[in-house]
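Coordinate analysis (summary)
The primary structure of each chain is shown beneath.
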Amino acid sequence: MTMKPLITAQGLSVHYALRGGLIGPAPLVRAVENVTIEIAPGSFFGLVGESGSGKTTLGRAMLRAAPISKGNVLFDDGEVEYSLKNLGKKDLKDYRKRAQLIFQDPYAALSPRMTVRDIIAEPLEVMRLTKSRAETDERVREIAAKCRLNVEHLRRFPHAFSGGQRQRISIARALVSGPKFIVADESVAALDVSIQADVLNLLKAIQEEMGLTFLFISHDLSVVAHVCDHVAVMYLGRLVETAPTRALFSAPRHPYTQALLSAIPSLDPDDRGKAQKLEGEIPSPTNPPPGCKFQTRCPHAIDRCRVEEPILEAAGTQHNVACHKWQELSRRS
């Protein structure tokens, strides 16, 4: 029996209008374009791509923190069903309890004027999820313990903590409302490498203990390989490949995915220097090229790529790729 997705993006597009000149319409930034994706409950779903590919915007749209220009996002946790594009204020308030965000920078995300206790308790008080201060304190201590924070930490201010401890505070604040869906936006990128593994292991343990669903946004494929069970690759606001983690890393189909994977540092001297270099930068989202959006940097582009945009098609079990030449490239590898 196929498990019903917790959250589904259906042809999702997010556009931002820039200030136009005196003549002609204002140009549009097409941050996310026609993305369809399903995230199963209890999964750790990875979203990867270069800076500017639209990862953060897609994650925020799934939280209803970015405007949905076209398409829709559906949320169904078995208790409620929401269509995010048409969500009213009352339902949006309830959705905020069920879907939360872990920010990238633990230094900027925490108010220096509040104690750790008040930072974690703030969602409970704003959403009125508890009836008394004693109940709030009990919930704060419970979540703090899950995030490996001691009771004495709750009386301190953020400046007294290291980066890893601050990120655990941010995680506790995201969890305190009892969400079902968490967007972790580059949540270990600002941490030292020695601390990243500890925070990742904490997220994985909490996910398994609480049955949470994560959308884990990262540019670091080695991190994604460590924690995620399914991965989607974005380029210029579009999905170019989705697959279970093991399938994606063992047999990438899209040239962009292959280039990203080749850039992962290796301890094997024979593997060094094998990174595929992509010439040029990601094109402007206000003026994307016709056809395949990757064709301006792809070493395998043909005339068809320059006029016809590929769509995601099946390339294996739960493996989808948007490339006109993926079958030919797979035979070569």
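Predicted model only: the values in this text are computed from it and were never measured.

1. Details of the overall build of the protein
Summing up its helical and strand segments, the protein has 10 helices and 12 strands in all. In terms of overall dimensions, the protein is globule-like: its C-alpha atoms have a radius of gyration of 21 Å, near the 20 Å expected for 333 residues. When its C-alpha atoms are laid out on the principal axes, the protein stretches across 65 × 55 × 50 Å. Taking all 333 residues of the protein together, the buried fraction comes to 50%. In the protein, 63% of the contacts between residues at least 6 apart in sequence involve partners at least 24 apart.

2. Details of the nonpolar core
Residues Ile 120, Cys 147, Ile 169, Ile 171, Leu 175, Phe 214 and Phe 216 are the most contacted members of the largest nonpolar core, which totals 54 residues. Excluding residues that lie within four positions of it along the chain, Ile 120 makes contacts with Val 140, Leu 149, Leu 154, Ile 169, Ala 172, Arg 173 and Val 176.

3. Topic: the pattern of salt bridges
According to the stated counting rule, one finds 21 salt bridges in the structure shown. The residue Arg 148 makes a salt bridge to Asp 198 at a minimum N-O spacing of 3.2 Å. Remark: Asp 198 occurs in helix H6 (residues 193–210) and Arg 148 occurs in the loop between helix H4 (133–146) and helix H5 (163–175); sequence separation between them is 50 residues.

4. With respect to the sheet that holds strand S5 (residues 81–83)
The four strands lie next to each other as S2-S1-S4-S5, forming an open sheet whose pairing is antiparallel. A strand with exactly one partner marks an edge of an open sheet, and here the two such strands are strand S2 (28–39) and S5. If you compare each strand with its neighbour and ignore which way they point, the axes differ by 20° on average. With three bridges connecting them, strand S4 (residues 70–76) and S5 associate as antiparallel partners. Counterpart to Phe 75 in the pairing with S5 is Tyr 82. Against the sheet, helix H1 (residues 55–62) touches strand S1 (7–17), S2 and S4, its axis set at about 115° to S1. Sheet strands touched by helix H2 (residues 89–98): S1, S4 and S5. Its angle to S5, the strand with the most contacts, is close to 115°.

5. Concerning H6
Taking 1.5 Å of rise per residue, 18 residues should cover 26 Å, and H6 covers 26 Å from first to last C-alpha, within 8% of that figure. Those residues of H6 that are buried lie in contact with strand S3 (44–48), strand S6 (99–102), H4, H5, strand S8 (213–218) and helix H7 (221–227). Positive phi appears at Gly 211, one or two residues downstream of H6, with a value of about 65°.

6. Overview of helix H9 (residues 255–262)
With seven of eight residues buried, H9 lies mostly within the body of the structure. Among all positions of H9, only Pro 255, Tyr 256, Thr 257, Gln 258, Ala 259, Leu 260 and Leu 261 are buried.

7. With respect to the side chain of Asp 76
Tracing the chain through its elements places Asp 76 in strand S4. Under the relative-accessibility criterion, Asp 76 is labelled buried at 16%. In this view, Asp 76 contacts Lys 4, Pro 5, Leu 6 and Glu 81; residues no more than four positions away in its chain are not counted.

8. Some thoughts on the state of the cysteines
Here the structure, examined in full by the defined rule, presents zero disulfides. Cys 228 takes part in no disulfide bond, and the closest cysteine sulfur, belonging to Cys 147, lies 18 Å away. Counting only cysteine sulfurs, Cys 298 is the nearest neighbor of Cys 323, a cysteine outside any disulfide, at a range of 6.3 Å. Cys 323 sits in the buried class, given a relative accessible area of 10%.

9. Quick notes on the packing of aromatic side chains
Aromatic rings in a pair are described by how distant their centres are and how their planes are angled relative to each other. Following the criterion strictly, the structure yields seven aromatic pairs and no others. Here the aromatic rings of Phe 44 and Phe 216 are separated by 5.8 Å at their centres, their planes lie at 50°, and the arrangement is tilted. With Phe 44 in strand S3 and Phe 216 in strand S8, this residue pair connects regions lying 172 residues apart in the sequence. Assessed through its relative accessible area of 0%, Phe 44 is described here as buried. Accessibility expressed as a relative area gives 1% for Phe 216, which makes it buried.

10. So, the sheet that holds S8
Within the open sheet, the eight strands sit side by side as S6-S7-S8-S3-S9-S10-S12-S11. Their pairing is mixed. Two strands bound the open sheet, and with one partner strand each, they are S6 and strand S11 (313–316). Neighbour to neighbour, the strand axes of the sheet diverge by 25° on average, direction disregarded. With five bridges joining them, S3 and S8 adopt parallel strand pairing. Looking across to S8, one finds that Phe 44 is bridged to Phe 214. Packing against the sheet, H1 makes contact with S3, S6, strand S7 (181–185), S8 and strand S9 (230–235), and its axis sits at approximately 155° to S8.

11. Digging into the environment of Ala 314
Structurally, the position occupied by Ala 314 is in strand S11. Residue Ala 314 is classed as exposed on the basis of its relative accessible area, which comes to 58%. Taking the C-alpha atoms as reference, Ala 314 lies 9.8 Å from Glu 241; in sequence the two are 73 residues apart.

About the criteria used
- Residues numbered from 1 in each chain as written.
- Predicted model: local features only at pLDDT ≥ 70, side-chain atom pairs only at ≥ 80, totals over all residues.
- Heavy atoms only, no water.
- Helix = DSSP H or I, 4+ residues; strand = E, 2+ residues; numbered from the N terminus.
- Rg over C-alpha atoms; globule rule 2.2 N^0.38 Å.
- Buried < 20%, exposed > 50% of the residue type's maximum accessible area, 1.4 Å probe, protein only.
- Contact = heavy atoms within 4.5 Å.
- Core = buried A, V, L, I, M, F, W, Y, C linked by side-chain atoms within 4.5 Å.
- Salt bridge = Lys/Arg side-chain N within 4 Å of Asp/Glu carboxyl O.
- Pairing = 2+ DSSP bridges.
- Axes fitted to C-alpha atoms, helices over the stretch in contact; angles between N-to-C directions.
- Expected span 1.5 Å × (residues − 1).
- Disulfide = S-S within 2.5 Å.
- Phe/Tyr/Trp six-rings, centres within 6.5 Å; stacked < 30°, edge-to-face > 60°.

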